[in-house]
Amino acid sequence: MAKPKVAFYWCASCGGCEEAVVDLAEDILEVVRAVDIVFWPVALDFKKKDVEQMADGELAVSFINGAIRTEEQEEMVKLLRRKSGLVIAFGSCAHIGGIPGLANFWNRETIFERVYKGVPTMDNPKGVLPQTKTIVDGQELTIPEFWNTVHTLDQVIPVDYYIPGCAPPPDLIMKAINAILEGKLPEKGAVLAPDKSLCDTCPLADSKPEKLMMKEIKRPYEVILDPEKCFLAQGVICLGPATRSGCGERCINAHMPCRGCFGPVKGVKDQGARVLSFVASILGIEGEEQMTDEEVQKLVDQIPDPAGLFYMYSLPSSLLRRKIMK
Amino acid sequence: MREAPKIIVFCCNWSVCPGLQLSTSSTYYGDESLVDPIVTMCSGRVSPELILEALSQGAWGVLVAGCPPGECEHNGNYKARRRVFLLRNLLKQFNIEPERVGLEWFSTGESARLRGAMNDFADKVAELGPIGGKDG
């Protein structure tokens, strides 16, 4: 029997998701025993035309990482969608927008101004900005259009399943691959990770007081943290209560608070709003009856960049999706 | 006549909602737009997600109406205050005017003031117009 054909593709991403596939280590041998990898630009020399020549649905699965922010990425994922039985959004950027999604606090114009004119290391006396078409020696050169807004994969094509994480951990990848090979996938649209919140599985959970309260907010660099104690109990914002588990608590074990790369728990539309909700709930409970509006304002003003922190990985998938440019 | 603003009011079942039922008319703001308040069991139950959902679906403003300090049995009003204040800070970063999210306190017997406060909020939001920008 012919082995199922599999593609890996990357869009707006850092390459960490590709690394995550390599991090399967010897397990990758098991994977290639079971499937044929027929398209993987970062590792194998197949071209777009090879995909175009395939029959529709010929690819069993495409694992696509990265957010979508250019015309070319849109074209490629639409092509892969047509050729694939299953499309899996692989990693935070494809799933919820990821770090590239923070560009939704700007737009093409402001990003180009900064990158091609503003940064101190840029030498661009004529102020040239990227153009989609340029004539060089009578020849027309083209590059893809850069969008104002970064999108998640499922805002551009239908997605069957999601493997979350920045980057997805090897155990989740292997579980997902085995579920596909054994035909044991859950309902369409599922995130292939536990439905619990990170707080539920956190190794510091036992140190979390029954009633969490924050008197003031500290940023990690401002305080020497007790590695055995819940971050929230130490006044440091951790996104664990509003983030899906399954990451292996990698940040917590490295003594850093969660920043939300696994996205919201099941049923939640807006991860950042959930973070805002619990932070505001536990901040300044003590003496709340006596507080004036001005004092409450001061309390919440301790968070210098709430949007950037609460939506660190999920801005494109949020209800507001982007900043309004005026 | 200018366009009537689209406003969502989340009101507390125990203080604001009885007041609304006592008020003489359920219409307000030039009798053009009808307020269908969404009743919640406590202002502390109004999650920021609901407010953002309303704003993302076309509401020009959202008013959270709860019991005055000292009058909520669950202290949910203090929680609502902190959430609204933090949400306003966050909305500024999206270039959305923080005044679009209102917070008002009403006691059970304040049906007259209720109508006035809603009108004032509607006036303020009408001034701002719908949320929007060139890259919306």
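Residues numbered from 1 in each chain as written. Chains lettered and ligands numbered in written order. Predicted model: local features only at pLDDT ≥ 70, side-chain atom pairs only at ≥ 80, totals over all residues.

**Here's the deal with the sheet that holds strand β9 (residues 161–163) of chain A**
Residue and element names in this part refer to chain A. Pairing is parallel in the open sheet, where five strands are placed in the order β2-β1-β3-β5-β9. Because the sheet does not close on itself, it has two edges, and the strands there are β2 (36–39) and β9. Across the sheet, the axes of successive neighbouring strands diverge by a mean angle of 30°, strand direction being ignored. Sheet topology note: the strand β3 (residues 59–65)/strand β5 (residues 84–90) ladder contains six bridges and is parallel. In the strand pairing of β5, asparagine 65 is matched with phenylalanine 90. Strands β1 (5–10), β3 and β5 of the sheet are contacted by helix α4 (residues 71–83), whose axis makes an angle of about 135° with β5. (Pairing = 2+ DSSP bridges. Helix = DSSP H or I, 4+ residues; strand = E, 2+ residues; numbered from the N terminus. Axes fitted to C-alpha atoms, helices over the stretch in contact; angles between N-to-C directions. Contact = placed C-beta atoms within 7 Å.)

**Thoughts on the domain arrangement of chain A**
Residues and elements named next belong to chain A. The domain architecture assigned to chain A consists of domain 1 (5–99 + 148–181), domain 2 (108–147) and domain 3 (198–317). Between the C-alpha centres of domain 1 and domain 2 the distance comes to 29 Å. Facing the six residues of domain 1 at the interface are five residues of domain 2. Those elements that place two or more of their residues in the side of domain 1 that touches domain 2 are β4 (68–70), α4 and β8 (146–151). (Domains from an automatic or database assignment.)

**Section: the packing of helix α10 (residues 271–282) of chain A against helix α2 (residues 48–56) of chain B**
It is at 8 Å that the axes of α10 of chain A and α2 of chain B come closest, and there the two elements cross at 140°. One finds that α10 of chain A runs oblique with respect to α2 of chain B. Of the residues in α2 of chain B, those in contact with Ala273, Arg274, Leu276 and Ser277 of chain A of α10 of chain A are Pro48, Glu49 and Leu52 of chain B. Here the residues of the contact of α10 of chain A with α2 of chain B are counted per class, giving four nonpolar, one polar and two charged. (Parallel < 35°, antiparallel > 145°, perpendicular 65-115°, else oblique. Nonpolar A, V, L, I, M, F, W, Y, C, P; charged D, E, K, R; others polar.)

**Overview of the interface of chain A and chain B**
Where interface size is given, it is often the accessible area lost as the parts come together that is meant. Residue-level contacts link 30 residues of chain A with 28 residues of chain B. Among the secondary structure elements, those contributing two or more residues to the side of chain A that touches chain B are β8, α10, α11 (293–300) and α12 (306–310) of chain A. Classifying every residue of the side of chain A that touches chain B gives 14 nonpolar, seven polar and nine charged.

**Observations regarding unusual backbone geometry**
Residues and elements named next belong to chain A. The omega angle of the peptide bond from cysteine 166 to alanine 167 is -10°, so this bond is cis rather than trans. Note on placement: alanine 167 falls in the loop between β9 and α7 (170–181). Located in the positive-phi region is aspartate 137, a residue other than glycine, with phi close to 50°. Here aspartate 137 falls in the exposed class, since 5 other C-beta atoms lie within 10 Å of it. For histidine 255, which is not glycine, the phi dihedral falls at a positive 60°. Its location among the elements puts histidine 255 in the loop between α9 (250–253) and α10. For histidine 255, a count of 13 C-beta atoms within 10 Å translates into the label partly exposed. (Buried ≥ 20, exposed ≤ 12 C-beta atoms within 10 Å, placed from the backbone.)

**Remarks on the packing of α10 of chain A against helix α3 (residues 76–93) of chain B**
Contact geometry for α10 of chain A and α3 of chain B: axes closest at 8 Å, N-to-C directions at 130°. The angle between α10 of chain A and α3 of chain B falls in the class oblique. The element α10 of chain A and its partner α3 of chain B pack so that their crossing is right-handed. Residues Leu276, Ser277, Val279, Ala280 and Ser281 of chain A of α10 of chain A form the contact with α3 of chain B, whose own contacting residues are Lys79, Arg82, Arg83, Leu86, Leu87 and Leu90 of chain B. (Left-handed = near helix turned anticlockwise from the far one by under 90°.)

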